[in-house]
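# Examination of the molecular architecture
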Amino acid sequence: METKSKLWVGLGVVVAASTALYGCSSDSEMDAMDHSAMSAEEGGEGGEGASTAEATQSDTVYLGQLAFIRGHLNVGVNLYQEGYNEGAVTHMKHPGDEIYTNLLPAMEARDAVGFAEELEALANAIESGASKEQVEEVYQALLSSIGDAEAVVSDIEAKDLGLVIVDLVRIAAAEYDIAVADDGSLENEHEYQDSLGFVRIAKELLTKLSTMTDNAEAVASIEQQLDALLPIWPSIRAPEHLEAQPSQIYGAAGSIEFALNDL
């Protein structure tokens, strides 16, 4: 069976869609959901392959790239904790080889301290079969360093952080689209796991967003969308048949984007 092509969605597309969304009716919300699916095919700026220039110029893209690193690490460590060492190793390679390298100049431009050594330490711990306790200790140290790199952006607004959440969910939809065949059978377990990691990090970012706004209704709406998505991934290892369709995740991204109108 032919594997689907990689799909990327960018924050540039998210921002453009947001402009059309704000102040629109529920019919416009449906149009935005349709636009989400089209955006995945068209590509754009700021997704999980954002360029160095994009991450340097935009704090939102910069934070998004750090969030994608967190997503890969989340599922990689989760796999290791559950005894799936080989799968964990594959998830350790992408953050350092593809995302971090492009992001480093953007970090330097913001005087953020790099965390290459911490990334390598976690990869080495997993590849060498270190104890779960040792891996967790190294992982927490890495998360602390990533947090320091995020903290250099001190003036981000709630709506901008919301755009990072939208991008995470849209990329999760694109990854899941690669993972599942048209008949619902599993095609790519790695992408299934990536999509789970990105939604998990979106949920974590929502906790931070909730401290940045007084609009509890908008936060609750976003949380409802994310909570409804999580059952799509019944476990860190993918079942042979996937019940949900990518459109469900794309639709949630559109609904979350619409909720940003109230932030």
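Everything that follows concerns the structure shown earlier in this document.
Residues numbered from 1 in each chain as written. Predicted model: local features only at pLDDT ≥ 70, side-chain atom pairs only at ≥ 80, totals over all residues. Heavy atoms only, no water.

### Things to note about unusual backbone geometry
One can expect most non-glycine residues to show negative phi and most peptide bonds to be in trans. Despite not being glycine, Asp111 shows a phi value in the positive range, around 60°. Mapped onto the elements of the fold, Asp111 is located in the loop between α5 (85-109) and α6 (116-127). (Helix = DSSP H or I, 4+ residues; strand = E, 2+ residues; numbered from the N terminus.)

### Here we look at the packing of helix α8 (residues 158-179) against helix α11 (residues 246-259)
At their nearest, the axes of α8 and α11 sit 8 Å apart, and the two run at 170° to each other. In this view, α8 runs roughly antiparallel relative to α11, as classed from their interaxial angle. Where α8 abuts α11, its residues Ile165, Val166, Val169, Arg170, Ala172, Ala173, Ala174, Tyr176 and Asp177 lie against Pro246, Ile249, Tyr250, Ala253, Gly254, Ile256 and Glu257. Here the residues of the contact of α8 with α11 are counted per class, giving 12 nonpolar, 1 polar and 3 charged. (Axes fitted to C-alpha atoms, helices over the stretch in contact; angles between N-to-C directions. Parallel < 35°, antiparallel > 145°, perpendicular 65-115°, else oblique. Contact = heavy atoms within 4.5 Å. Nonpolar A, V, L, I, M, F, W, Y, C, P; charged D, E, K, R; others polar.)

### Considering the environment of Asp227
Looking at the element boundaries, Asp227 is found in helix α10 (residues 216-229). Take Asp227: its relative accessible area is 35%, and that puts it in the partly exposed class. The sequence separation of Asp227 and Lys203 amounts to 24 residues, and the corresponding C-alpha distance is 8.3 Å. Among the polar contacts listed, one links the side chain of Asp227 to the side chain of Lys203, at a separation of 2.7 Å. (Buried < 20%, exposed > 50% of the residue type's maximum accessible area, 1.4 Å probe, protein only. Polar contact = N/O pair within 3.5 Å; in protein donor to acceptor, adjacent residues only side chain to side chain.)

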